[in-house]
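Residue-level structural notes
Spelled out from the first residue to the last, the chains are:
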Amino acid sequence: QVQLVESGGGLVQAGGSLRLSCAASGRTVRTYARGWFRQAPGKEREFVSTITWSGGSTYYADSVKGRFTISRDNAKNSVYLQMNSLVPEDTAVYYCAVCTLAGALGCSHYGAWGQGTQVTVSS
């Protein structure tokens, strides 16, 4: 019912920066938070960052803490991921998701996903 479109991926050298965007459109969904995940070839999808939609509280995986910054624009129904000091290990397809069900420890269910945008970091 909701469409998520990621953009901003590309090829960047180590130490560089990229800014990912995710715009949501279509039917409205209950949004507790928006998040970013990534999946490298041959690896399981992993959590990167999330931001609560109302309060704007942010959370990061240890691997990206201090380098990535998640932000949101509620009016634009968009979420962003500023990625700095990129390293080859950041190479992955990055996915935007909408948390539609909150849980005691955070999000219980990400009910909508984008198709992903490729981020490639060369050494």
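This write-up is about the structure you can find in this document.

Calculation criteria
Residues numbered from 1 in each chain as written. Predicted model: local features only at pLDDT ≥ 70, side-chain atom pairs only at ≥ 80, totals over all residues. Heavy atoms only, no water. Helix = DSSP H or I, 4+ residues; strand = E, 2+ residues; numbered from the N terminus. Buried < 20%, exposed > 50% of the residue type's maximum accessible area, 1.4 Å probe, protein only. Contact = heavy atoms within 4.5 Å. Polar contact = N/O pair within 3.5 Å; in protein donor to acceptor, adjacent residues only side chain to side chain. Disulfide = S-S within 2.5 Å.

Our next topic: the environment of Phe37. Following the sequence through the fold, Phe37 ends up in strand E4 (residues 33-39). Judged by its relative accessible area of 10%, Phe37 falls in the buried class. Aside from chain neighbours lying at most four places away, what touches Phe37 is Arg45, Glu46, Phe47, Val48, Val93, Tyr94, Tyr95, Ala97, Tyr110 and Trp113.

With that out of the way, let us pick up the side chain of Thr117. Its location among the elements puts Thr117 in strand E11 (residues 117-122). Among the polar contacts listed, one links the side chain of Thr117 to the backbone nitrogen of Gly9, at a separation of 3.2 Å. Among all residues touching Thr117, those that are not within four sequence positions of it are Glu6, Ser7, Gly8, Gly9, Leu20, Ala92, Val93 and Tyr94.

Glancing now at the side chain of Thr50. You can see Thr50 is positioned in strand E5 (residues 46-52). Of the residues examined, Thr50 reaches a relative accessible area of 9% and is grouped as buried. Leaving out residues up to four positions away in the same chain, Thr50 has contacts with Ala33, Arg34, Gly35, Ser57, Thr58, Tyr59, Ile70 and Tyr110.

Let us look at the state of the cysteines. The full count for this structure, using the stated rule, is two disulfides. The residue that forms a disulfide with Cys22 is Cys96, at a sulfur-sulfur distance of 2.1 Å. Disulfide Cys22-Cys96: the torsion about the S-S bond is -80°, which places it as left-handed. One end of the pair, Cys22, is in strand E3 (residues 18-26); the other, Cys96, is in strand E9 (residues 92-103), with 74 residues separating them in the sequence. For the residue pair Cys22 and Cys96, the accessibility class agrees, reading buried in each case. With its sulfur 2.0 Å from that of its partner, Cys99 forms a disulfide with Cys107. Taking the torsion about the S-S bond as the criterion, the Cys99 to Cys107 disulfide, at about 110°, is right-handed. Cys99 sits in the buried class, given a relative accessible area of 1%. Overall, the relative accessible area of 29% leaves Cys107 in the partly exposed class.

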